[in-house]
Amino acid sequence: MGGAADTITARPLAGPGGTPAKPQASAAKATGAGWRIIKFFLALALIPGCVGLTLGAFDHFFNLSSRLSLSVAGPNTLFRYFIGGVVSFAILAVLLWRPVVVYVFGHELVHAMATWMCLGKVSNLAASTTGGQVTTSKSNTFIRLAPYCVPLYALLAVGTYLALNTWWRPLGGYIQWLALALGVFYAFHVGFTLWSLRRDQPDLKPDGWLFSLVLIYIGNLAIFVLLMGFICDGQITSAWPALKESALLGWAHAHHIYQNLGSAATDLVARFR
């Protein structure tokens, strides 16, 4: 695919007289290093929580799949179409065409959208097979990591379906095609996210690799649960209840894990007294 890399150029807004504001580089560097250390230990503390949330999602969908007899050959039509979309993209990417530019453009566009949500300004958005760049007036963790969590094209597919279903005509009879499209676009998102993370991504450096990867995992897990909530139940409105139920089960698992770790730490300290 080539060595595509992503770059956010964060340029501060102009100061009085139109001259760019000049931050104190040494102070900013020291502050940034301090925050990275804090975020590293926070990431370590969140890892058991990630395990708990993963177990919660597994519990929710295992119970749901048992009730629905969920399988590729089972009665759940949407699941079969979703898997068909995943397989279709895999065949496309491996044998025919790898849409690198499409991914890079979407990646940079999500950076831009996250910047707008943070009331920032965007310019110079560019995408090519060798990488992408977007110039923003600000940068933060949300802006930097959003593209690794948000499956833009899958969201566009859902938004298009809902808009047509609401303002054009009912599309309930064609919902299986939405499931197929989501399979394609979700596989696209996961595949290219993993591909991009294998490269030297500047987005992950300001917050530290471990902290960034933990947040990316949590974000992608939440998106997966929302998506599967719809696929398994056949109703878009089922996505949020699936996330809520999985989160509650995940918290129970995480709480148990943290309790066990706390007990183990207490026992270890007691042995050295």
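Residues numbered from 1 in each chain as written. Predicted model: local features only at pLDDT ≥ 70, side-chain atom pairs only at ≥ 80, totals over all residues. Heavy atoms only, no water.

Q: Would you mind showing me how to read the overall build of the protein here?
A: A count of helical and extended segments in the protein gives 8 helices and 3 strands. In sequence order, the protein lays out its α and β elements as β-α-α-α-β-β-α-α-α-α-α. Sorting the 273 residues of the protein into buried and exposed places 37% on the buried side. Expressed as a percentage of contacts within the protein between residues at least 6 apart in sequence, the contacts between residues at least 24 apart total 75%. Approximately 15400 Å² of the protein is accessible, and the part contributed by carbon and sulfur atoms is 70%. (Helix = DSSP H or I, 4+ residues; strand = E, 2+ residues; numbered from the N terminus. Buried < 20%, exposed > 50% of the residue type's maximum accessible area, 1.4 Å probe, protein only. Contact = heavy atoms within 4.5 Å. Areas by Shrake-Rupley, 256 points an atom, 1.4 Å probe, with all protein chains shown as cover.)

Q: Teacher, can you tell me more about unusual backbone geometry here?
A: Among all residues save glycine, negative phi is the norm, and among peptide bonds the norm is trans. Even without glycine at this site, L119 takes up a positive phi of about 65°. Following the sequence through the fold, L119 ends up in the loop between α3 (100-117) and β2 (122-128). Phi at N124 is positive, roughly 55°, even though this residue is not glycine. Looking at where N124 falls in the secondary structure, it is placed in strand β2.

Q: Is there a simple way to think about the packing of helix α4 (residues 141-149) against helix α6 (residues 175-197) in this case?
A: With their axes 9 Å apart at the nearest point, α4 and α6 run at an angle of 130° to one another. Here α6 runs oblique to α4, going by the angle between their axes. Contacts from P147, Y148 and C149 in α4 reach H189, T193, S196 and L197 in α6. Its residues assigned to classes, the contact of α4 with α6 shows 4 nonpolar, 3 polar and no charged. (Axes fitted to C-alpha atoms, helices over the stretch in contact; angles between N-to-C directions. Parallel < 35°, antiparallel > 145°, perpendicular 65-115°, else oblique. Nonpolar A, V, L, I, M, F, W, Y, C, P; charged D, E, K, R; others polar.)

Q: Looking at this model, I keep getting lost on α3. Mind explaining?
A: Side chains that are three or four residues apart share a direction in an α-helix, a result of its 3.6 residues per turn. The end-to-end C-alpha distance of α3, which contains 18 residues, comes to 26 Å, matching closely the 26 Å that a straight helix rising 1.5 Å per residue would cover. Within the sequence span of α3, burial applies to V100, Y103, V104, G106, H107, E108, V110, H111, A112, A114 and T115. Immediately downstream of α3, the backbone of L119 shows phi near 65°, a positive value. (Expected span 1.5 Å × (residues − 1).)

Q: Could you clarify how one ought to interpret the nonpolar core in this entry?
A: What tends to happen in soluble globular proteins is that the nonpolar side chains get buried as a cluster. Ranked by size, the top nonpolar core spans 23 residues in total, and within it F82, L178, L182, V225, M228, F230 and I231 carry the most contacts. Where this core is concerned, the elements lending two or more residues are α1 (25-68), α2 (77-96), α5 (152-167), α6, α7 (209-233) and α8 (239-271). With near-sequence residues (within four places) excluded, F82 lies in contact with A179, L180, L182, G183, Y186, L227, M228 and I231. The next biggest cluster of nonpolar side chains, apart from the first, holds 10 residues, and it includes V104, Y153, F188 and W195. (Core = buried A, V, L, I, M, F, W, Y, C linked by side-chain atoms within 4.5 Å.)

Q: Where do I start with a nonpolar patch on the surface in this structure?
A: Among the surface-exposed residues, I37, F40, F41, L44, I47, V51 and L55 lie close enough to one another that they form a single nonpolar patch of about 620 Å² accessible area. Note that F41 resides in helix α1. (Patch = residues over 30% accessible without salt bridge, like charges linked within 9 Å, V, L, I, M, F, W, Y side chains within 5 Å. Salt bridge = Lys/Arg side-chain N within 4 Å of Asp/Glu carboxyl O.)

Q: In this structure, what is going on with the side chain of D203? I would like to understand it.
A: Topologically, D203 is positioned in the loop between α6 and α7. It turns out D203 is buried and unbridged, and the closest side chain with the opposite charge, R144, is 6.6 Å from it. At a separation of 2.7 Å, a polar atom in the side chain of D203 contacts the side chain of Y148. (Lys, Arg positive; Asp, Glu negative; His and termini not counted. Polar contact = N/O pair within 3.5 Å; in protein donor to acceptor, adjacent residues only side chain to side chain.)

Q: What am I meant to see in the confidence of the model for the protein here?
A: The predicted coordinates should not be examined in detail at positions where pLDDT is low. Averaged over every residue, the pLDDT of the protein is 83; residues scoring 70 or more account for 84%. Ranking the elements of the protein by mean pLDDT puts strand β1 (residues 5-10) last with 52 and α4 first with 94. (pLDDT = per-residue confidence, 0-100.)

Q: Explanation requested: the packing of aromatic side chains in the structure shown.
A: Think of a pair of aromatic rings as described by two things: how far the centres are apart, and how the planes are tilted against each other in angle. In total, this model carries 14 aromatic pairs according to the counting rule given. Their ring planes at 80° and their centres at 5.7 Å tell us that F89 and F188 sit as a pair that is edge-to-face. One end of the pair, F89, is in helix α2; the other, F188, is in helix α6, and 99 residues separate them in sequence. Here F89 falls in the buried class, since its relative accessible area comes to 9%. On the basis of relative accessibility, which here comes to 7%, the residue F188 falls in the buried class. (Phe/Tyr/Trp six-rings, centres within 6.5 Å; stacked < 30°, edge-to-face > 60°.)

Q: Looking at this structure, how should I read the pairing of strand β3 (residues 131-136)?
A: In the case of a regular strand, side chains alternate between the two sheet surfaces. For β3, the buried fraction is high: 5 of the 6 residues fall into the buried class. When β2 meets β3, the two strands line up antiparallel, connected through 5 bridges. Looking across to β3, one finds that A127 is bridged to G132. Linkage of β2 to β3, two consecutive antiparallel strands, is achieved through a turn of 2 residues. (Pairing = 2+ DSSP bridges.)

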